[in-house]
Amino acid sequence: MADLAVTLGPLSLRNPVLSASGTYGHGLEMCHFTPPERMGGLVSKTVTLRPRPGNAQPRICETRAGLLNSIGLENKGVENYVETILPDMLGADTVVFTNIGGESVEDFAEIAARLDREPAVDVLEVNLSCPNVQGGKLPFATDPSNAARAVEAVRRATSKPVFAKLSPNVSHIGEMAQAVEQAGATGITAVNTLLGLAVDWRTGKPGLGTVQGGYSGPGIKPVALRCAWECARSVSIPVIGCGGIATAEDVLEFLAAGCGAVELGTACFADPALPGRIVEDLERLLDEAGRASIRSVIGSIRDGRGSSRDSAHAQGVEAR
Amino acid sequence: MPAPPPDARSFLAEITAIEPCGADAVLLRARPERAMAPIRASRFFMLKLLDGTSPLIPRPYSIYRQRNGELEFLVKVMGQGSRALAAARKGQELRLIGPLGNGWPTLDGEGLPWVFVAGGVGSAPFPMAIEQALAGMDGRAAVDPGSISLLFGAANRELLYDLDVLRSTGVRVHAATDDGSEGWHGNVIELFEALVAKGELPEEVRLLACGPDPMLEACSELAERRGLECWLSLETVMGCGVGICNGCPVMTRPEGPLGAWPNAKCCVEGPVFRADAICL
């Protein structure tokens, strides 16, 4: 059986399959579908400093090749998360990422400081890139200096590893990746949703209550894959790929593009048992290909640059 | 943290029959890969046809009947997802996630009579509600058939799905149609008031309702006005059915039994809610 273990900087994961924020609850709710001990890690729904009731309905709208959403980070705030969710997560046999959101640098710093004392949290993933708050203006996701200030503030407030989740809604995601790397990020998650819109021309009614929202699902996979690849070749910290992944083949493509692990998002809505099945499929595909370790796939893209391989080396993983 | 029910699983099922039902619906029967325990009426499954071209997101369907190891669903053809399901063939594979949601409260024979109000395809959670109420639920006394009235409304008689089957259960069935092609000419709320006025329904009853939003609003208003207990089985857009996407919020009543949070998740806290717990 092929070895699926990977490392992401200081983190050791039993396999590269994680849940994406907002698509798997806080993690343990889904234990009857995929047990946590089968997952490389669980990423929580975004937690904010104060409670957020979320956006108006409709909040989701399916399109031909994916899903638009404008949930608006509905959550009961960090204190509720610490009191009601984290006690259960303490015993979870997997790496626990808490995804944090904020509307100001101070918000990010405060929530990071609050979670720094929580032993159940292994990693903070900083959501710089939710398109469904602050009028879709993405202030932390489109300006490298804003992104850097938020990551710096989190870095100063916690001793835990910090991953910065980037938006694909930028011209040069590599520059964003470099900005958060210089600000002290342990790693990068690439990417969040693309801005999108649906409308019924007969009635003029938009598909979402907020008109525009975040587009995810199989339709964004090539865009996400390119973004993840650009990030991986631009920085020397590990990159977690995310966007439209629905099969084990997709997972291996993101690894080939230079990612050390991946997050499954929209595909879990269609089947919450998918992460477990993808892990089984990964073992089978690697065995069929005669690969002893999944690490041999990481950064193996022949893009003529070799930088992805370099970054894979920097992640402390075997490049071949 | 509302979580999916502990008995919910993701599994495959083979379609064993698809039969037309009424003007625009089909009855889809499927045999799950593993045997299933009896399912409470008004719980639901997420259904997705594994044909490679069907929509990405599965669709929620109430369990309509469960017998001989098969699950049956009433599928009204409305959009892309239901069209794909209705066009499926015997032998094709489905992925099912479920059983999901809470289902109807205990339908006992110990208190007031029951009135079930169904609108169109909102009749789906009632055949099993009748079956389970007549058999006795949760160790409580069975309901006498004379103590259940089903008020079934639709635009016309072709949309009163399985009306004859419902009549054959022995409960009191009253139809209402907008065009007068069957039963009462008008809606189910007017029918309810007329039956009470004629003494054919007692004034004090317990209500269950499932149907279009305006009908549910009217039922909720009727219950409040008459001081009746009332439960509503809701349908919303759902992205997952298991409580993770936050795409199916139902507005809760301030100071209501669901707590202070403004939204409940229809999929894991419902689909059945007490009418006095939510705002429609």
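Keep in mind that what you see is a predicted model, and the values were worked out from it rather than measured.

Chemist: Quick question: what am I supposed to make of the domain arrangement of chain B here?
Modeler: By a frequent convention, interface size equals the accessible area lost on bringing the separate parts together. All names here are of chain B. Its domain assignment divides chain B into domain 1 (9-100) and domain 2 (114-235). Between domain 1 and domain 2, a total of about 1500 Å² is buried, with carbon and sulfur atoms accounting for 58% of that surface. Connecting domain 1 to domain 2 are 2 salt bridges. One salt bridge in this structure joins Asp-162 and Arg-65, with 3.1 Å as the shortest N-O distance. Counting across the domain 1 and domain 2 interface gives 9 residue pairs in polar contact (both at pLDDT 80 or more). At the level of secondary structure, the elements contributing two or more residues to the side of domain 1 that touches domain 2 comprise strand 2 (25-32), strand 5 (65-67) and strand 6 (70-76). When the residues that make up the side of domain 1 that touches domain 2 are grouped by side-chain class, the tally is 9 nonpolar, 4 polar and 4 charged.

Chemist: Would you take a moment to explain the interface of chain A and chain B for this structure?
Modeler: Each side of the interface is counted separately: chain A has 33 residues, and chain B has 28 residues. Buried surface at the junction of chain A and chain B, summed over both partners, amounts to about 2600 Å²; 67% is from carbon and sulfur atoms. The three residues of chain A that bury the most area against chain B are A:Ile60, A:Glu62 and A:Phe269, which together make up 22% of that side's buried surface. Of the charged contacts, one joins B:Arg95 and A:Asp271 as a salt bridge, the two residues approaching to 3.3 Å between their closest N and O atoms. The interface formed by chain A and chain B includes 10 residue pairs in polar contact (both at pLDDT 80 or more).

Chemist: I'm lost on a nonpolar patch on the surface in this one. Help?
Modeler: Residues and elements named next belong to chain A. A contiguous nonpolar patch, built from Leu-197, Val-199 and Val-211 and spanning about 260 Å² of accessible area, is present on the exposed surface. You can see Leu-197 is positioned in strand 11 (residues 194-197). On the basis of relative accessibility, which here comes to 52%, the residue Leu-197 falls in the exposed class.

Chemist: Mind showing me how you'd approach the sheet that holds strand 12 (residues 206-210) of chain B here?
Modeler: Two strands in a sheet stick together by hydrogen bonds in their backbones, pointing the same way (parallel) or opposite ways (antiparallel). All names here are of chain B. Strand order in this open sheet of 7 strands is 11-10-9-8-12-13-16, and the pairing throughout is mixed. The outermost strands of the open sheet, each flanked by one partner alone, are strand 11 (184-185) and strand 16 (272-274). Of the strand pairs in this sheet, strand 8 (residues 114-119) and strand 9 (residues 148-154) are connected by 6 bridges, and their pairing is parallel. Each residue of the ladder has a partner; that of Trp-114, found in strand 9, is Ile-148.

Chemist: Just to check I follow, could you spell out the environment of A:Gly290 for this structure?
Modeler: Residue and element names in this part refer to chain A. Tracing the sequence through the fold places Gly-290 in the loop between helix 8 (274-288) and helix 9 (307-314). The class for Gly-290 is exposed, based on a relative accessible area of 63%. Sequence separation between Gly-290 and Ala-2 is 288 residues, and the spatial gap between their C-alpha atoms is 8.4 Å.

Chemist: Is there a simple way to think about the layout of surface pockets in this case?
Modeler: Where empty space is left becomes clear once a probe the size of a water molecule has been rolled over the atoms. Volume-wise, the second largest pocket comes out at about 460 Å³. Looking at the second largest pocket, it is lined by 26 residues, and the ones nearest its centre are A:Ala270, B:Lys48, B:Leu50, B:Pro55 and B:Leu56. Of all the elements in the fold, those that place two or more residues in the lining of the second largest pocket are strand 5 (60-63), helix 7 (266-270) and helix 8 of chain A together with strand 3 (44-49) and strand 7 (93-100) of chain B. With 3 residues, strand 3 of chain B is the largest single contributor of residues to the lining of the second largest pocket. Taken together, the residues of the lining of the second largest pocket sort by class into 13 nonpolar, 6 polar and 7 charged.

Chemist: Looking at this structure, I do not really get the pairing of strand 5 of chain A. What am I missing?
Modeler: Here is the key point about a regular strand: its side chains alternate between the two faces of the sheet. Residue and element names in this part refer to chain A. Here 4 bridges tie strand 5 to strand 6 (residues 66-69), and the two strands are oriented antiparallel to one another. Of the residues in strand 6, the one forming a bridge with Cys-61 is Leu-68. Hairpin connection of strand 5 to strand 6: 2 residues between the antiparallel strands.

Chemist: Any chance you could explain the side chain of A:Thr34 here in plain terms?
Modeler: Residue and element names in this part refer to chain A. The topology assignment puts Thr-34 in the loop between strand 3 (17-19) and strand 4 (41-43). Engagement of the side chain of Thr-34 in a polar contact is seen with the backbone oxygen of Ala-273, the distance being 3.5 Å. There is a polar contact of 3.2 Å between the side chain of Thr-34 and the backbone nitrogen of Gly-276. Sequence-distant contacts of Thr-34, that is, excluding residues within four places in its chain, are made with Tyr-24, Met-39, Pro-272, Ala-273, Leu-274, Pro-275 and Gly-276.

Basis of the calculations
Each chain has its residues counted from 1, running along the sequence as written. By the order in which they are written, chains take letters starting at A while ligands take numbers starting at 1. A pLDDT threshold of at least 70 governs which residues receive local features in this predicted model, and a stricter bar of 80 or more applies before side-chain atom pairs are shown or counted, although totals over entire chains, interfaces and linings include all residues. With hydrogens and water excluded, all non-hydrogen atoms of the structure serve as input to the side-chain values. Residue ranges for the domains originate in an automatic or database domain assignment. Defined in terms of a 1.4 Å probe, buried area is the accessible area two parts forfeit on being brought together, summed over both. Salt bridge criterion: a side-chain nitrogen from Lys or Arg within 4 Å of a carboxyl oxygen from Asp or Glu. Under the rule applied, a polar contact is a pair of N or O atoms within 3.5 Å (in protein, one hydrogen donor and one hydrogen acceptor; residues adjacent in sequence only if both atoms are side-chain atoms). Where helices and strands are cited, they refer to DSSP runs of H or I of at least four residues and of E of at least two residues respectively, numbered from the N terminus. When residue character is reported, Ala, Val, Leu, Ile, Met, Phe, Trp, Tyr, Cys and Pro are called nonpolar, Asp, Glu, Lys and Arg charged, and the others, Gly included, polar. Note on contacts: a residue pair qualifies if any of its non-hydrogen atoms lie within 4.5 Å across the two residues. Each patch is built from residues lacking any salt bridge and having more than 30% relative accessible area; the joining distance is 9 Å for like charges and 5 Å for nonpolar side chains (Val, Leu, Ile, Met, Phe, Trp, Tyr). Note on areas: Shrake-Rupley, 1.4 Å probe, and residue coverage restricted to the protein chains presented here. Throughout, exposure labels follow a simple rule: accessible area from a 1.4 Å probe, protein chains only, divided by the maximum for the residue type, with under 20% read as buried, over 50% as exposed, and the rest as partly exposed. DSSP bridges decide pairing: two strands pair if at least two such bridges lie between them. Detection works on a 1 Å grid of protein atoms alone, calling trapped sets that fit a 1.4 Å probe cavities and calling open sets with protein on both sides within 12 Å along at least five of seven lines pockets, with lining residues defined by an atom within 4 Å of a point. Grid points are joined across faces, edges and corners, and a volume is the space filled by probe spheres set on the points.

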